[in-house]
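Structural description and commentary
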Amino acid sequence: MFIKVLGAAAGGGYPQWNCNHPNSRLARSKTSKALPRTQSSIAISLDKYKWYILNASPDLRQQLWDNPELMPSPEDPLRYSPIMGVILTNADVDHTAGLINLRESQKFNLYATKRVLDVIGKNSIFNVLNPKFVKRMPIELDNVFNLHDTEDTFSGISIKPFAVPGKVALWLEDESKGKNFGSVEEDTIALEINSATKKFFYIPACASIPDWLLTKLDNSELVFFDGTLWQDDEMIKQNVGIKTGKRMGHISMSGEEGSINILNKINIKRRIFIHINTTNPSLLEDSKEREIANKNGWEISYDTMEISL
Ligand code: MLT
Ligand code: MN
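As the structure is a prediction and not an experimental result, all values here were calculated from the model. (Residues numbered from 1 in each chain as written. Chains lettered and ligands numbered in written order. Predicted model: local features only at pLDDT ≥ 70, side-chain atom pairs only at ≥ 80, totals over all residues. Heavy atoms only, no water.)

Quick look at the sheet that holds strand β4 (residues 83–87)
Heads up, the rule is: In this scheme, strands are said to pair when DSSP sees at least two bridges between them. Labels follow the DSSP assignment, with helices taken as runs of H or I lasting at least four residues and strands as runs of E lasting at least two, numbered in each case from the N terminus. The angle between two axes is taken between their N-to-C directions and runs from 0 to 180 degrees, where each axis is a line fitted to C-alpha atoms and a helix contributes only its stretch in contact. In what follows, a contact means two residues having at least one pair of non-hydrogen atoms within 4.5 Å.
One open sheet holds the seven strands; their spatial order is β6-β5-β4-β3-β2-β1-β14, and the pairing between them is mixed. Edge positions in the sheet fall to β6 (134–139) and β14 (306–308), since each of these pairs with one other strand and no more. For this sheet, the mean angle separating the axes of adjacent strands, direction not counted, is 20 degrees. As paired strands, strand β5 (residues 108–113) and β6 are joined by six bridges and run parallel to one another. What sits directly across from T113, in β6, is I139. Contacts from helix α4 (residues 114–122) reach β5 and β6 within the one sheet, and its direction differs from that of β5 by about 115 degrees.

Structure below.
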């Protein structure tokens, strides 16, 4: 199985357009110590010809430009895309707005929970995905589904979606519904991606790591995991925001309760952070936080990163 990281940053990208935090400034200075990153998404393929995209970032157009295998090649018909399907893990802007780039009258399959498909269904801008061409396929928690190409042939890749701790998308929060803003299980899912011989996990948003998740991830070959913040209150401390990671539905990398420490309890061959916020110091190649992450076996993903399983 081939994997390409299309975008490694969290919502807003790195640097985020309105952020003047030193991290963001460093990325704007075009130094090799702070590589800019687009918003989180990966592409998967068994043959490098037909691709499936996990989440559709608002930066998708640039991501295609940076990854030519995802654009039509000279042998292809006059209208063609190697993108056979898109799978959504939540309804966040950074994971859905890119669907609008995939207009129009181009076949592909759109897989998401009923909850997320309903959100998209209610928002008429997504009508640009002509239903005559784009099949909306509801997926069910804990039920394996097969990825099919646009001719309905099985791709060889199957996916088991499962709920992880999280919350409803920021733009759908309903304060009248109490502390969890009306979140339901289908709002934040993780994906277990399987070919005949290989398996990996894609978890770009996760609020905490319960024991059952540790058991599930133990002895896996590869895990992409939510790397939004280094420290739960880093945005507040540095005066660039008023929310903690917990409030946003993201576990932090560092600390006793952080993902680095908790996932140290299990065996994962390759562990990679994705969905990294513009304030996270581990984005900087020479930061002490990057060193700590690396020492604990973590890689910090970057755009165009390639993995072959
Ligand atoms: C998140 O991951 O918390 C959201 O993408 C935030 C946002 O919508 O900017
Ligand atoms: Mn996000």
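Quick word on the nonpolar core
Rule in force here: In plain words, nonpolar cores are sets of buried Ala, Val, Leu, Ile, Met, Phe, Trp, Tyr and Cys residues tied together by side-chain atoms within 4.5 Å. Any residue under 20% of the maximum accessible area for its type is buried, any over 50% is exposed, and the rest in between are partly exposed; the area is computed with a 1.4 Å probe on protein chains only.
I203, I209, L217, F225, L263 and F273 are the most contacted members of the largest nonpolar core, which has 31 residues in total. At the level of secondary structure, the elements contributing two or more residues to this core comprise β10 (199–203), α5 (211–217), β11 (220–226), α8 (259–263), β12 (268–274) and β13 (298–300). Setting aside anything within four residues of it in sequence, one finds L217 in contact with F201, I203, V223, L263, I266, N267 and I268.

Let's talk about the coordination of the manganese ion (ligand 2)
Keep this limit in mind: Only nitrogen, oxygen and sulfur atoms qualify as donors, provided they sit within 2.8 Å of the metal or within 3.2 Å for Na, K and Ca; with water excluded from the atoms, sites may seem incomplete.
Protein-derived coordination of the manganese ion (ligand 2) comes from D94 (OD) and H275 (NE2), at a distance range of 2.1 to 2.2 Å. Within this pair, whereas D94 is found in helix α3 (residues 93–96), its partner H275 is found in the loop between β12 and α9 (288–295), the two being separated by 181 residues in sequence. Per residue, the accessibility class of D94 equals that of H275, and both read buried.

Here's the deal with unusual backbone geometry
In this structure, the amide linkage connecting Y14 to the following residue, P15, adopts the cis form with an omega of 0 degrees. Positive phi is not limited to glycine here, since N55 has a value of about 75 degrees. Along the chain, N55 falls in the loop between β3 (51–54) and α2 (60–66). Taking the relative accessible area as the measure of exposure, N55 reaches 0% and is therefore buried. Even without a glycine there, the phi angle at N239 is positive, about 60 degrees. Structurally, N239 can be placed in the loop between α6 (234–237) and α7 (245–248). Taking relative accessible area as the criterion, N239 reaches 71% and is therefore assigned exposed.

Here's the deal with the sheet that holds β12
As summarised here, the arrangement of the seven strands in space is β7-β8-β9-β10-β11-β12-β13, forming an open sheet in which the pairing is mixed. Both edges of this open sheet fall to β7 (145–148) and β13, since each of them pairs with a single strand only. The mean inter-strand angle of the sheet, taken between neighbouring strand axes irrespective of direction, is 25 degrees. Here strand β9 (residues 189–194) pairs with β10 via four bridges, running antiparallel. Of the residues in β10, the one forming a bridge with I193 is F200.

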